[in-house]
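Chain by chain, the residues run as shown.
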Amino acid sequence: MSYSKFDRPSGQRRALLRALVTSLLDKERIVTTHAKAKEAQALAEKMITLAKQDSLAARRRALAFLTSETVAKKLFDTLGPRYAHRTGGYSRVTLIGPRRGDGAPMAMIELIR
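Residues numbered from 1 in each chain as written. Predicted model: local features only at pLDDT ≥ 70, side-chain atom pairs only at ≥ 80, totals over all residues. Heavy atoms only, no water.

**Q** So what's going on with the pattern of salt bridges? Which residues, and what values?
**A** Pairing of side chains with opposite charge becomes possible as their charged atoms draw close. Taken as a whole and assessed by the stated rule, the structure comprises 10 salt bridges. Across the salt bridge formed by R59 and D54, the nearest N and O atoms sit 3.0 Å from each other. Under the relative-accessibility criterion, D54 is labelled partly exposed at 43%. As a salt-bridge pair, E110 and R92 come within 3.1 Å of each other at their nearest N and O atoms. Placement of the pair is E110 in strand 3 (residues 105-111) and R92 in strand 2 (residues 91-98), with a sequence separation of 18 residues. Using a relative accessible area of 39% as the deciding quantity, one classes R92 as partly exposed. Connected via shared salt-bridge partners are E28, K74, R82 and R113. (Salt bridge = Lys/Arg side-chain N within 4 Å of Asp/Glu carboxyl O. Buried < 20%, exposed > 50% of the residue type's maximum accessible area, 1.4 Å probe, protein only. Helix = DSSP H or I, 4+ residues; strand = E, 2+ residues; numbered from the N terminus.)

**Q** So what's going on with the nonpolar core? Residues and values would help.
**A** By size, the foremost hydrophobic cluster in this structure holds 29 residues, and its most contacted members are V21, L25, M47, I48, L66, L75 and L111. The contacts of L66, once residues within four sequence positions are left out, are R18, V21, T22, L25, M47, V71, A72 and L75. (Core = buried A, V, L, I, M, F, W, Y, C linked by side-chain atoms within 4.5 Å. Contact = heavy atoms within 4.5 Å.)

Printed below as a string of C-alpha cells:
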C-alpha cells in the first residue's frame, strides 16, 4: 500500500493522522490539504467499519487509535449504527481551491449523511 509521508518522521505522521481522523469523526467535516484529506479518509473509513462490529475488541482498537474517549463513544453509539446499511464510502473529499498563503490545494472532507 502506498501512502504519503508528508516529510515527517513516522511518529509525527501517525500523530497528525490520528488528530485529523479524531477531528473528522467529532465534527463530521474538516478542511485540510488534499493529500492529508485523502490519507485521513482511508483511516476514518476503517474506524467506521470497526464501529459497525461493536465488540469489545473493536472498541479497544478504536480507543488505541483515536485521541478522545468521547469521540470513540460517538463513533460506536452514533456513527456505527448510522452506517450499518452501507458497505463503504462513508466520507467524501471535495477540492475547495488553493490555500492563500502557499497555494497548497485545499479540500473539505466530510462524512456522508
